[in-house]
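# Observations on chain architecture
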Amino acid sequence: EDAVAPPQLRSPIELEIEDTCLNECLGLLPKLDRELVERYFQGEKSVKIAGRKKLAVERMLTANALRIQAFKLRKKFISCFNTCVERAGAETISA
C-alpha cells in the first residue's frame, strides 16, 4: 500500500493569511449564500447528511439543486480565497 505524504506544515504567518482570506471571502458572499456554504460543508457523515436534507427542505430545493448551488458557491469562494492568498504571497488551494 502506498503511503500518503503528510500535509506540509504552514507557518503561523501563512495560517494567519489564510484565516484573514477565509473571513474576507465569506464576508463578501450575500448572507443566504454564506449560510448555505457554512451549513452545507459542516459536520461529518450522518450529521452532514441530515443537515443537508434539512437545508434542502428549508430552501425548498431538491438535494441535487442544493448540491449544485453549494458547489457553484464553493468554486466562487475558492477563487476569491486563492486571489486573496496570492495577493498576500502565500500558497493557494485547489478547487
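Let me sum up the structure you'll find in this document. Along each chain, residues carry numbers from 1 onward, in the same order as the chain's sequence is written. Residue-level local features of this predicted model are given only where pLDDT is at least 70; pairs of side-chain atoms are given and counted only at 80 or more, and the full residue set underlies all totals for whole chains, interfaces and linings. To obtain the side-chain values, all non-hydrogen atoms of the structure were used and water was disregarded.

## A short note on unusual backbone geometry
In this model, K45 sits at a positive phi of 45 degrees, which is unusual for a non-glycine residue. Relative to the assigned elements, K45 resides in helix α3 (residues 45-59). You will see that M60, though not glycine, has its phi angle at about 55 degrees, which is positive. Tracing the backbone through its elements, the reader meets M60 in the loop between α3 and α4 (63-88). Labels follow the DSSP assignment, with helices taken as runs of H or I lasting at least four residues and strands as runs of E lasting at least two, numbered in each case from the N terminus.

## Topic: helix α2 (residues 31-40)
Each residue is assigned to one of three classes by its accessible area relative to the maximum for its type, calculated with a 1.4 Å probe on protein chains only: buried under 20%, partly exposed between the two thresholds, exposed over 50%. Looking only at α2, the buried set comprises L36, V37 and Y40. Angularly, the buried residues of α2 cover 95 degrees about the axis, an arc narrow enough to put them on a single face. Should any heavy atoms of two residues lie within 4.5 Å, those residues are counted as being in contact. Where the residues of α2 are buried, they touch α1 (12-28), α3 and α4. An arc is given here, and it is the one of the directions from the helix axis to the C-beta atoms.

## Some thoughts on the nonpolar core
Take the buried Ala, Val, Leu, Ile, Met, Phe, Trp, Tyr and Cys residues and link them wherever side-chain atoms come within 4.5 Å; each set so joined is a nonpolar core. Counting residues in each nonpolar core, the largest one holds 18 residues, and the members touching the most others are C21, L36, Y40, L66, F77 and F81. Secondary structure elements with two or more residues in this core: α1, α2, α3 and α4. Take this core: its biggest share by element is eight residues, from α4. Ignoring any residue separated from it by four or fewer positions in sequence, one finds F77 in contact with L22, C25 and L26.

So yeah, pure geometry; function would need other evidence.
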